[in-house]
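Architecture and fold: a report
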Amino acid sequence: MAHRSHTHRHRPEGPCHFSLMSLSATRRLLLVTVPLALLWLTVSWAAGWWS
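The structure contained in this document is the topic of the report that follows. What you see is a predicted model, and the numbers here were worked out from it, not measured in a lab.

Remarks on the overall build of the protein chain
Scanning the protein chain for helices and strands turns up one helix and zero strands. Looking at the protein chain as a whole, 4% of its 51 residues qualify as buried. For the protein chain, the exposed surface amounts to about 5,100 Å²; the carbon and sulfur share of it is 67%.

Let's talk about the side chain of Ser-44
Examined against the element boundaries, Ser-44 turns out to sit in helix α1 (residues 25-46). Classification of Ser-44 by relative accessible area gives buried; the value is 1%. Of the polar contacts made by the side chain of Ser-44, one reaches the backbone oxygen of Leu-41; its length is 2.9 Å. Excluding its chain neighbours within four sequence positions, the residues that come into contact with Ser-44 are Trp-49 and Trp-50.

Some thoughts on α1
For α1, with 22 residues, the first-to-last C-alpha span of 32 Å sits near the 32 Å given by 1.5 Å per residue. Downstream of α1 by one or two residues, Gly-48 has phi in the positive range, about 80 degrees.

The rules behind these values
Numbers given for residues are sequential positions, taken from 1 along each chain in its written order. Local features in this predicted model are restricted to residues of pLDDT 70 or higher, and side-chain atom pairs are both shown and tallied only at a pLDDT of 80 or more, whereas totals for entire chains, interfaces and linings draw on every residue. Side-chain numbers here rest on the full set of heavy atoms in the structure, without hydrogens or water. Numbered from the N terminus, helices here are DSSP runs of H or I no shorter than four residues, and strands are runs of E no shorter than two. Type-normalised accessible area, obtained with a 1.4 Å probe on protein chains alone, sets the label of each residue: buried when under 20%, exposed when over 50%, and partly exposed for intermediate values. Each accessible area is a Shrake-Rupley estimate made with a 1.4 Å probe; only the visible protein chains count as cover when residues are assessed. In protein, a polar contact means a hydrogen-donor-capable atom and an acceptor-capable atom, both N or O and within 3.5 Å, with residues adjacent in sequence counting only if both atoms are side-chain atoms; elsewhere, any N or O pair within 3.5 Å suffices. Only heavy atoms enter the contact rule, under which two residues are in contact if any of them lie within 4.5 Å. An expected span of 1.5 Å times one less than the residue number is assigned to each helix.

This is the structure we're talking about:
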């Protein structure tokens, strides 16, 4: 494929590039633990562990 100057290419550091590696370790940890904690709370509530 011929390279055209008007081809749209994103720079890796551009605003539309989302990479977990660009986040801090704390944010990566939160992105993993928050959904898991919500899922655990939902399951435990539905199972009646809180009564």
